[in-house]
Amino acid sequence: MGPVEQLHRVVRESAAALVSTDREGLAAQIKLERPPRADLGDYSTNAALLLAPRLQSAPREVAEQLGGVLADRLGNALARADVAGPGFLNLFLSDAWLIDGLRTVLEAGSRYGAVTAEHEIAVNVEFVSANPTGPVHLGHARGAAYGDALARLLAWRGCSVTREFYVNDYGSQVRKLAESVRALALGEPIPEDGYHGDYVGELVPVERARTLDLDELSREALAACLELIRGSLERFGVRFDVWFSERSLHENGAVASALARLDQLGETYNQDGALWLRSTKHGDDRDRVLIRSDGQPTYFCSDIAYLEDKRSRGYATLFYVWGADHHGYEPRMKAALEALGGQRDEIELIDFQFVHLIGGGERIAMSKREGEYVTLDELTTAIGVDAARWFLLARSHDTTVEIDPELATRKSADNPVYYVQYAHARIASVLARLTEDRVAQARSELAPGEPLHPSERALLKRLLAFPEDLAEAAERRAPHRVAAAALELAQEFTAFYRDCHVVGAEPPTTETLRIALCLAARQAIAIALELLGVSAPEQM
RNA sequence: GCCCCCGUAGCUCAGCUGGAUAGAGCAUCGGACUUCUAAUCCGAGGGUCCCAGGUUCAAAUCCUGGCGGGGGCACCA
């Protein structure tokens, strides 16, 4: 448990001790926050505002009383407690408390903010799942960045994560790809509903494309296309643990057995020559077709078999990261899950909004339908992996994001990703001026000395807040909060760097403290960047 | 017509499981180079938090109803 968490607990316990009923309900609502301005205190709590109605006394009086209790319990750690505003209690922590906190940051080292679980919770994150008939484009890029960052974050917070890519290798589109490849090889016109990109001609050598039978050609074209996809994603820093074939579900009987299961549970019926799922029973707008009247299973049908397969693998949660255009699919997936006897919260469907590239004030259209799309490779070539990942992740997934390639490629502090990386490199540079012994000594001999400078306090408090930032980011499935934390760490470090000279600071206890702050800040920034999949350079 | 997301500074967006004087980046304007990395830093201006009601000691945040933008509503994949 970190120092802030411990402080929070003491506040909750002290407040709960003042009432006789529903102590837990009260404790759950009590917050420990940062006051709007640093001069108001290091932390503030709303406890008195919540206690007042129960104690039938004025909030400010209750705050006063609570301040007294905390002074007793916290001893030297608490320098002062002020009552403010409508009844907030503002806490000023002693330098000794903060330096103890810094020590815990250094002790945690490269695992600072991580949860080391005794029993890791297994979760599955399925993302990208682009059709294996063409390159990964900008729309997939956001899903790739988000899904991967979510996976990293969940892993950091104690989950064992499987990254999974669902390969739609069963339907007619794979055949269309093969037909397009063949047509191109024979110099014939590509079918109108075929695939027209330049990559089509490069999937299979012309000789083979002319002579293989269509099934074999399908297989080869598909494999080649998947290889393109895998390579693009890998260059983007995204690796999958499982590439799951839709075709395999049909070939190994999984589809048939899922259908049998639903039938046995009375969840299906025949009508108009088709087989339907009673999804309206489970909150969907309408029932959905599983087997079309022509005998072909729908895509939804394979999705259900796939869901069953995932469920059989024992994950606590199945995440589906989808583009906003798949949003309409959610009710039927939940319905299918329930029809199979599952609980609705076994799956979590997360959809992300679109990405626009802007240039010269104009939006560059990015839809596949218009036939004119930017590929992931083009994006990473144009602005680099670090900038691409940063800008795709710095915004909440449920808002559209605009990327300005001009800003993203700027190598200056105007560009947030460079600003954060620069802060990291700058710390490395400062530390490089010291001997290894001196740095090691700073770790072991950290102790209170001169009163802390306001910029030292600010940086230290920011560092202490980091684990909770990560916890919230993970709970809310919100990697953009990690980016926000990284930026704030960089800003606080920069202010500290400006105000507090490190190397040669006097007295030596001050230099020690500042070295320790550099170490901790470098660590936290590196962790934040790692969680985003952005590099943390030692030199720039 | 129904469902989902969004509406906050000139622009792009945080904040929205309710708290104090609403934040960041970009852009604009002004300033700092005998440096621990100036690939930097400091400062300033800039707001009906879409509108109207409601709940609350307290609403950008929650509820209701509008308005505006985007997306989705197949026996397609």
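As a starting point, this report considers the structure included with it. (Residues numbered from 1 in each chain as written. Chains lettered and ligands numbered in written order. Predicted model: local features only at pLDDT ≥ 70, side-chain atom pairs only at ≥ 80, totals over all residues. Heavy atoms only, no water.)

## Section: the pairing of strand E6 (residues 159-167)
On any regular strand, side chains alternate: one points to one face of the sheet, the next to the other face. In terms of residue burial, E6 counts as a mostly covered element, since 8 of its 9 residues are buried. Judged from the 6 bridges that link them, strand E5 (residues 121-126) and E6 form a sheet pairing that is parallel. Bridge pairing links Ile 121 to Cys 159 in E6. Since E5 and E6 lie parallel, the crossover through helix H6 (residues 138-156) that links them has a hand, and here it is right-handed. With 4 bridges connecting them, E6 and strand E7 (residues 242-245) associate as parallel partners. Each bridged residue has a counterpart across the sheet, and for Tyr 166 the counterpart in E7 is Phe 244. (Buried < 20%, exposed > 50% of the residue type's maximum accessible area, 1.4 Å probe, protein only. Helix = DSSP H or I, 4+ residues; strand = E, 2+ residues; numbered from the N terminus. Pairing = 2+ DSSP bridges. Right-handed = clockwise from strand over helix to strand, strands pointing away.)

## Details of the protein's contact with RNA strand B
Around RNA strand B, 63 residues are found, and the nearest of them are Arg 37, Gln 173, Ala 413, Ser 429 and His 501. For RNA strand B, the backbone portion of the atoms within 4 Å of the protein, that is sugar and phosphate, comes to 66%. At 2.9 Å from a base nitrogen of RNA strand B is found a side-chain nitrogen or oxygen belonging to Asn 90. The side chain of Arg 395 places a nitrogen or oxygen atom 2.3 Å from a sugar or linking oxygen of RNA strand B. For the surface near RNA strand B, the secondary-structure elements that each account for two or more residues are strand E4 (88-93), strand E9 (274-277), strand E15 (401-403), helix H17 (416-432) and helix H20 (480-499). Its residues placed into classes, the surface near RNA strand B shows 24 nonpolar, 20 polar and 19 charged. (Near = heavy atom within 4 Å. Polar contact = N/O pair within 3.5 Å; in protein donor to acceptor, adjacent residues only side chain to side chain. Nonpolar A, V, L, I, M, F, W, Y, C, P; charged D, E, K, R; others polar.)

## Let's talk about the sheet that holds strand E2 (residues 43-45)
As summarised here, the arrangement of the 4 strands in space is E1-E2-E4-E3, forming an open sheet in which the pairing is antiparallel. For this open sheet the edge positions go to strand E1 (32-33) and strand E3 (78-84), each flanked by a neighbour on one side alone. Bridging between E2 and E4 involves 3 bridges; their strand directions are antiparallel. Bridge pairing links Thr 45 to Leu 89 in E4. Against the sheet, helix H4 (residues 59-74) contacts E3 and E4, and its axis sits at roughly 175° relative to E3. (Contact = heavy atoms within 4.5 Å. Axes fitted to C-alpha atoms, helices over the stretch in contact; angles between N-to-C directions.)

## Here we look at the nonpolar core
Core analysis: the largest hydrophobic core is formed by 124 residues, its most contacted members being Leu 70, Trp 97, Leu 233, Trp 390, Leu 392, Leu 464 and Phe 466. For this core, the leading source of residues is helix H21 (residues 508-532), giving 15 residues. Setting aside its immediate chain neighbours within four residues, Phe 466 contacts Tyr 112, Ala 485, Leu 489, Ala 524, Ile 527 and Ala 528. (Core = buried A, V, L, I, M, F, W, Y, C linked by side-chain atoms within 4.5 Å.)

## Considering helix H3 (residues 47-55)
Every buried residue of H3 is accounted for by Ala 47, Ala 48, Leu 51 and Ala 52. The arc that holds every buried residue of H3, seen down its axis, measures 130°, which confines them to one face. Packing partners of the buried residues in H3 comprise helix H1 (3-16), helix H2 (23-29), E2 and H4. Of the residues one or two after H3, Gln 56 is the one with positive phi, at around 55°. (Arc of directions from axis to C-beta.)

## Remarks on the packing of aromatic side chains
In this structure the tally under the stated criterion is 14 aromatic pairs. Consider the rings of Tyr 166 and Tyr 306, whose centres lie 4.1 Å apart with planes at 10°: the pair is stacked. Remark: Tyr 306 occurs in helix H12 (residues 299-312) and Tyr 166 occurs in strand E6; sequence separation between them is 140 residues. Side by side, Tyr 166 and Tyr 306 carry an identical accessibility label, which is buried. Their ring planes at 65° and their centres at 5.3 Å tell us that Phe 240 and Trp 243 sit as a pair that is edge-to-face. Through a chain of ring-to-ring contacts, the aromatic side chains of Phe 127, Phe 165, Phe 240 and Trp 243 assemble into a single cluster. Note that Lys 310 overlies the ring of Tyr 320, its terminal NZ or CZ placed 3.9 Å from the centroid. (Phe/Tyr/Trp six-rings, centres within 6.5 Å; stacked < 30°, edge-to-face > 60°. Lys NZ or Arg CZ within 6 Å of the ring centre and 35° of its normal.)

## Here we look at empty space enclosed by the protein
Where empty space is left can be seen by rolling a probe of water-molecule size over the atoms. One pass over the structure, following the stated rule, counts 2 cavities of 30 Å³ or more. A volume near 50 Å³ is recorded for the largest cavity. What lines the largest cavity is simply Arg 142, Tyr 146, Leu 392, Leu 393, Arg 395, Ser 396, His 397, Ala 478, Pro 479 and His 480. Among the secondary structure elements, those contributing two or more residues to the lining of the largest cavity are H6 and helix H15 (385-393). Tallied by class, residues from the lining of the largest cavity come to 5 nonpolar, 3 polar and 2 charged. By volume, the second largest cavity is sized at about 40 Å³. Lining the second largest cavity, in full, are Val 105, Leu 106, Arg 443, Leu 519, Ala 520 and Gln 523. Counting residues per element, the ones that place at least two in the lining of the second largest cavity are helix H5 (95-108) and H21. The leading source of residues in the lining of the second largest cavity is H21, at 3 residues. Residue composition of the lining of the second largest cavity, grouped by class: 4 nonpolar, 1 polar and 1 charged. (1 Å grid on protein atoms, 1.4 Å probe; cavity = no way out; pocket = protein on both sides within 12 Å on 5 of 7 lines; lining within 4 Å. Points joined across faces, edges and corners; volume = space filled by probe spheres on them.)

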